[in-house]
Amino acid sequence: MNRIARFFESDLRKSGIYGEVSKLEAFVGDIHNHCGISYGYGELENAVAFASQQLDFFSVTGHFAWPDIADDPGMMVPEDVQRYHREGFRKLRRNWPHYKSVMDSVETPSFIPFYSYEYHGFATGDYTILCRNTGEDLPPEVEEGKKDERLDDLLRGSVEQQERFLCTPHHIGYRKGYRGINWDRFNPDVSPVVEIISMHGCAESFEARQKYLHTMGPRSGENTYQGGLARGYHFGVVGSTDHHNAAPGSYGYGRTVLYAETLSRDSIWNALRDRATSAASGDPIEAMLFINGVRSGHVAPDHDGKLSIDSFVSAYDALDTVEIIQDGKVIASQHDFEELPGRHGTISFMFGWGKKHKSAEWDISMSVANGKILSESPRLRGIDMVDPLDVPEDGAKMLPSYEAKGNSIHLHVFTNGNATAVTDSTQGFAIEVEGQENTAIKLDIAVKWDGHEISRSYNIPLSDLEGKEFTDYVYGFVSPSFEIGQFRNIGKTLSRIHAEVETESRGAVYLRCYQKNGDSLFTSPVSFEVRR
């Protein structure tokens, strides 16, 4: 059962939607990221291993083509940039057989892989092409001397193509003509979801908190989630990392939270097509929005000037704000979240810091005594890259291992200090715990760092984390350190909005929320039928 149904059963029953909500499960995925099969770094096998630690579904994406890279001399694409991309595309062709072999072999009942490849385009913007079935849908090399027009064909989208491919525009916020989305070429039939969060930043709006800081330039307001809705398009939203170093789902860059009845290839595909999705930056916040009884991602009948809003949010940290947005404006919100009785809540664990470029190897065992872990969420990061031309250190030895079992969690992970004062390279996880007067957090840590092998054990009463965090250093000043965050009462992580709003607008409506730790989530919208 999803957390919305678990926490809000009474309200959902009163609204008559419990049956619809309770049959759904929330799944977490990343359908756009890269490794060394094209340009990028890290082995494909490492990408799969990383994804398996914290995702339900995923893809590893190959950079495939940039048909108009040299069409307009006025774009002044440097020769070295052109060579770099073309070699990456050739490398992908050489790696197709290996890609197929690996991806065909990793599916399990709890881990669903999808094939994908990427087109760059000045004229269209960039698109990830997600394949429903097998590697047989991967495209061959274009004929020598012939212009590659296959992206244009995909965007026109026959019904048969729509069953086989999803064409997902990504980093849409760049300026039109500079690999940002071209809404004039957008086709919601073949692109039911649009990627609005990734390592490039957040394209919810021009004012979105996660800025565009990549080498490709600033954000354009018209090329955002709100910009597309203002044009009258109906589409869902997803988050993906676009990570370039074999780390699908790398925490903080982008993930998709998706609702489906079961975890299978067909159910995930159908949920993407049905826009039963939200775009998250980090934690898999669960959120559902109903407008006049219609769930986000769907189209509601035209209204009579009144919107009945029902929204539900369950987070992994204290909520900062939950807002309902129409036409770029807040029409309903919640900013105060009341504590509930008892010791039921969430706790965050972060490990890292220390000197930059000095690796620490952590072996961490955490358990809860006289209490119960009800749910947990890993927060695992890959080695960060902002520019694909950056050359990171080999990430193979940095692969994390995360296991949650019963009332305990084991994490084996490497950290390497924070690259800058605004770069978070910590590793960790969050738990939802139900405790009592004598509940305690037990933490055993073994760290290898700077030639030292350090062991520490802690027994921290849950009551000591109420309004106060716990921190320690493993070997003195500027050594690796860790933080156990303040216990967040479960009421501080839950939001319920019911509001009746009068409006003449037929603009689409969506929910956005932020946790206190900065993580964000945006639901797909509820749109309205056009009045005839």
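No experiment lies behind these values; they were computed from the predicted model shown.

Chemist: I'm lost on the side chain of histidine 234 in this one. Help?
Modeler: With respect to the element layout, histidine 234 can be found in the loop between α8 (225-230) and β8 (236-239). Reaching out from histidine 234, the side chain makes a polar contact with the side chain of arginine 275 at a distance of 3.0 Å. A polar contact of 2.6 Å, which involves the side chain of histidine 234, links it to the side chain of serine 527. With near-sequence residues (within four places) excluded, histidine 234 lies in contact with Pro188, Arg275, Gly297, His298, Val299, Pro525 and Ser527.

Chemist: Explanation requested: the sheet that holds strand β14 (residues 306-314) in the structure shown.
Modeler: Each strand in a sheet pairs with another by means of backbone hydrogen bonds, the pair being arranged parallel or else antiparallel. The four strands are arranged β12-β11-β14-β28 in an open sheet whose pairing can be described as antiparallel. With one partner strand each, in any of the chains shown, β12 (294-295) and β28 (494-502) form the two edges of the open sheet. Pairing geometry for strand β11 (residues 286-291) and β12, over two bridges, is antiparallel. The partner of isoleucine 291 across the bridge, within β12, is valine 294.

Chemist: I keep staring at the packing of helix α4 (residues 44-52) against helix α5 (residues 79-103) and nothing clicks. Help me out?
Modeler: With their axes 10 Å apart at the nearest point, α4 and α5 run at an angle of 30° to one another. Considered as vectors, α4 and α5 are oriented roughly parallel to each other. Relative to α5, the crossing made by α4 is right-handed. Each of Leu44, Glu45 and Val48 in α4 lies in contact with α5, whose residues at this interface are His98, Tyr99, Val102 and Met103. Residue classes in the contact of α4 with α5 are distributed as five nonpolar, one polar and one charged.

Rules used throughout
- Residues numbered from 1 in each chain as written.
- Predicted model: local features only at pLDDT ≥ 70, side-chain atom pairs only at ≥ 80, totals over all residues.
- Heavy atoms only, no water.
- Helix = DSSP H or I, 4+ residues; strand = E, 2+ residues; numbered from the N terminus.
- Polar contact = N/O pair within 3.5 Å; in protein donor to acceptor, adjacent residues only side chain to side chain.
- Contact = heavy atoms within 4.5 Å.
- Pairing = 2+ DSSP bridges.
- Axes fitted to C-alpha atoms, helices over the stretch in contact; angles between N-to-C directions.
- Parallel < 35°, antiparallel > 145°, perpendicular 65-115°, else oblique.
- Left-handed = near helix turned anticlockwise from the far one by under 90°.
- Nonpolar A, V, L, I, M, F, W, Y, C, P; charged D, E, K, R; others polar.

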